[in-house]
Amino acid sequence: MMKHIRLLQTLGGLLVLASLLSCSLVNRLVETALQPTIEAPVSATECPPGAIQDGTCVPTQPAAGATLQAQSTLQPSTPAPVEPTPTEPQPPMASPLPSASLEPLQGAVTTCAEEVCVLPMPFPLVRPIGPGGRVEIDPSYRFGTSNRGKRDVHHGVEFLNSTGTSVVAVADGVVVFAGDDLRRQYGLYRNFYGNFIVIQHQMPGFDEPLYTLYAHLSEMDVEEGELVKAGQQIGKVGRTGAATGSHLHFEVRFGENEYFAARNPELWLAPLPDDQGEPRGILAGIILNPAGKPVPLPNIVLERLTGPGLPAQDTIYLSTYDDHRLIGKDPWGESFASGDLPAGEYQITFIKGGIHTRIVEVVPGQITLVTIRLGQ
């Protein structure tokens, strides 16, 4: 009898132990199944999605909440940051002309409540070409144009010069990038800019910084973090990257160092002097439909008038910016512009449901801002 009792006690203990082990195993499996997914933070990317259609983007922070998810193990360790994957090269694509229904981008500053205003230059930059070089802007490939879709929409201006010509900083600032885009995509595709430099400037009267970019360089004479002065040599003209000939590609960015923060450099560079040594002027404008939305126009004729009944002295052919993301941005909210204009009266002519003309005055060293509202 006692043997039977001991046997039953032993069997009972084994059954309890087996039950405990089974419960422990089940609990571990349940805990594993219910373990929350660990979110690994994404590190900063070189090019934000959708922002690489036409030029450069420099490193930016990831969008808020952007994460990669990795399944946890039974004993998860602290996740390491995920290295960014370089953007694959893409063929250049011309942006289509915006439709008349597109509105100016948010944040444009209303600087002129009248049809025509004359405004001072807020922060005139020196020309980015050193002594002995060609300081005139190439008019055949202006900011925001694409030569009717045959080229990439231009986010800068060109200074045609021979390889080795001195490139200088346009203002005091600090170098925030000096390198190339062979391995990382900063533009439409890798090796878009070649060797390039970005300098950050703090402008008097503005809370936001200004950035200037110098591309296709054959030589770079500064390093990241270096302080530079206006007129200091930072490199030399070349034809690296996507350049089809020797020249300097120059960009201005306002507020942030991002490709679509580009502004028309002709509105920031100090105008060149005229034949009498007087500074030339700048004209910027926007054409709006009756609903107050910008109108895309492939042909705007700008003529410098010489007097009643007399032929125009100069004729300049312009167009509104081909990419709507460049239109209506602060501080001037323009859709077309031209710099280095001799002072005097100019006639603006374009066709939109008929012939429209406006006569405006360009003032030495100033920006003439015109807003043309159709139907008024």
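By convention here, each chain's residues receive numbers from 1 onward along its written sequence. Residues qualify for local features only when their pLDDT is at least 70, as the model is predicted, and side-chain atom pairs are given and counted only at 80 or more; totals for whole chains, interfaces and linings, by contrast, use all residues. Excluding hydrogens and water, the side-chain figures rest on all heavy atoms present in the structure.

Draft legend 1. Here's a closer look at the overall build of the protein. Strands here mean DSSP runs of E at least two residues long; helices mean DSSP runs of H or I at least four residues long; both are numbered from the N terminus. Each helix and strand counted, the protein has one helix and 20 strands in total. Burial status across the protein gives 44% buried among its 376 residues. What makes two residues a contact is simply this: any of their non-hydrogen atoms within 4.5 Å. Sequence separation of 24 or more characterises 68% of the internal contacts of the protein that already satisfy a separation of 6 or more. All accessible areas in this document rest on Shrake-Rupley with a 1.4 Å probe, and a residue is counted as covered only by the protein chains that are shown. As displayed, the protein offers around 19,100 Å² of accessible surface, 56% of which is attributable to carbon and sulfur atoms. We call a residue buried when its accessible area falls under 20% of the maximum for its residue type, exposed when it is over 50%, and partly exposed in between, using a 1.4 Å probe and counting protein chains only.

Draft legend 2. Highlighting the sheet that holds strand S16 (residues 314–318). A pair of strands counts as paired when DSSP detects no fewer than two bridges linking them. Spatial ordering of the open sheet is given by S16-S15-S18-S19, a layout of four strands whose pairing is antiparallel. Each edge of the open sheet is held by one strand with a lone partner, namely S16 and strand S19 (355–362). The average angle at which neighbouring strand axes cross in this sheet is 20°, direction not considered. Strand direction decides the pairing type here: strand S18 (residues 344–351) and S19, joined by eight bridges, are antiparallel. Within S19, the position partnered with isoleucine 351 by the bridge is isoleucine 355. Every axis corresponds to a line fitted to the C-alpha atoms, with the helix fit spanning only the stretch in contact, and the corresponding angles, defined between N-to-C directions, vary from 0 to 180 degrees.

Draft legend 3. Broad picture of the pattern of salt bridges. Any Lys or Arg side-chain nitrogen located within 4 Å of an Asp or Glu carboxyl oxygen qualifies as a salt bridge. The full count for this structure, using the stated rule, is nine salt bridges. Here lysine 236 makes a salt bridge to glutamate 219, at a shortest N to O gap of 3.8 Å. Within this pair, whereas lysine 236 is found in strand S11 (residues 233–236), its partner glutamate 219 is found in strand S9 (residues 219–220), the two being separated by 17 residues in sequence. Note that arginine 263 and aspartate 330 form a salt bridge whose closest N and O atoms lie 2.8 Å from each other. Within this pair, whereas arginine 263 is found in strand S13 (residues 262–263), its partner aspartate 330 is found in the loop between S16 and strand S17 (336–341), the two being separated by 67 residues in sequence. Note on accessibility: arginine 263 and aspartate 330 belong to one class, buried.

Draft legend 4. Up close: the sheet that holds strand S5 (residues 166–168). Pairing in this open sheet of three strands is antiparallel, and the strands run S5-S11-S9 from one edge to the other. Here the strands that pair on one side only, and so sit at the sheet edges, are S5 and S9.

Draft legend 5. Broad picture of the pairing of strand S15 (residues 300–304). The side-chain alternation of S15 yields one buried face, formed by Ile300, Leu302 and Arg304, and one unburied face, formed by Val301 and Glu303. Examined bridge by bridge, S15 and S16 share five bridges and lie antiparallel to one another. In the sheet register, isoleucine 300 faces S16, and the bridge partner there is leucine 318. Alignment of S15 against S18, held across four bridges, turns out to be antiparallel. Looking across to S18, one finds that leucine 302 is bridged to isoleucine 348.

Draft legend 6. Representation of the environment of glycine 339 in the model. Mapped onto the elements of the fold, glycine 339 is located in strand S17. Considered as a pair, glycine 339 and tryptophan 268 are 71 residues apart in the sequence and their alpha carbons are 9.2 Å apart. Sequence-distant contacts of glycine 339, defined by excluding residues within four places in its chain, comprise Glu266, Gly281 and Ile282.

Draft legend 7. Focus on the packing of aromatic side chains. Each aromatic pair joins two rings of Phe, Tyr and Trp (for Trp, the six-membered one) with centres within 6.5 Å, and gets the label stacked for planes under 30 degrees apart, edge-to-face for over 60, and tilted for any other angle. Counted according to the given criterion, the structure contains 14 aromatic pairs. An angle of 85° between the planes, with centres 5.1 Å apart, marks the rings of phenylalanine 192 and tyrosine 193 as edge-to-face. Each member of the pair phenylalanine 192 and tyrosine 193 is classed as buried. Clustering of aromatic rings is evident, with ring pairs tying together Phe177, Tyr186, Tyr189, Phe192, Tyr193 and Phe196. Positioned over the ring face of tyrosine 141 is arginine 151, at 3.7 Å from the centre of the ring. Working rule: Lys NZ or Arg CZ, within 6 Å of ring centre, within 35 degrees of ring normal, means a charge sits over the ring.

Draft legend 8. Representation of the confidence of the model for the protein within the structure. For every residue, the predictor assigns a confidence score, pLDDT, that lies between 0 and 100. Per-residue pLDDT for the protein averages 77, and the proportion of residues at 70 or more is 70%. Note that residues 1–5 has pLDDT below 50 and, in this model, zero contacts with residues that lie over four places away or in other chains. Here residues 13–110 scores under 50 on pLDDT; set against residues more than four positions off or in separate chains, the count is 154 contacts.

Draft legend 9. Molecular detail of the side chain of arginine 263. Taking the relative accessible area as the measure of exposure, arginine 263 reaches 8% and is therefore buried. There is a polar contact of 2.9 Å between the side chain of arginine 263 and the backbone oxygen of alanine 261. Discounting residues that sit within four places of it in the chain, arginine 263 has contacts with Phe143, Val252, Phe254, Trp268, Lys329 and Asp330. Whenever two N or O atoms come within 3.5 Å, that pair is a polar contact, provided that in protein one can donate a hydrogen and the other can accept it, and provided that, for residues adjacent in sequence, both atoms are side-chain atoms.

Draft legend 10. Representation of unusual backbone geometry. The peptide bond linking aspartate 330 to proline 331 adopts the cis configuration, its omega dihedral lying at 5°. One non-glycine residue with positive phi stands out, namely asparagine 147, at about 50°. Among the secondary structure elements, asparagine 147 is positioned in the loop between strand S3 (116–120) and strand S4 (157–160). Here histidine 216, not a glycine, exhibits a phi torsion of approximately 70°, which is positive. Here histidine 216 shows up in strand S8 (residues 209–217).

Draft legend 11. Layout of the nonpolar core. Throughout, nonpolar core names a set of buried Ala, Val, Leu, Ile, Met, Phe, Trp, Tyr and Cys residues whose side chains join them through atoms within 4.5 Å. Grouped together as the largest cluster of nonpolar side chains are 48 residues, with contacts concentrated most on Leu125, Tyr214, Ile234, Leu248, Phe250 and Trp268. Of all the secondary-structure elements, those providing two or more residues to this core are S3, S4, strand S7 (195–202), S8, strand S12 (247–254), strand S14 (281–288) and strand S20 (366–373). Setting aside residues no more than four positions away along its own chain, isoleucine 234 makes contact with Val167, Val168, Ala169, Ile197, Ile199, Tyr214, Glu219, Met220, Asp221, Val222 and Val228. Core analysis: the next-biggest nonpolar cluster, separate from the first, contains 18 residues, Leu283, Leu318, Leu341 and Ile372 among them.

Draft legend 12. Inspection of the environment of leucine 302 at higher detail. With respect to the helices and strands, the residue leucine 302 is situated in strand S15. Each residue touching leucine 302, except ones within four places of it in the same chain, is listed here: Leu283, Asp314, Thr315, Ile316, Leu318, Leu341, Tyr346, Gln347 and Ile348.

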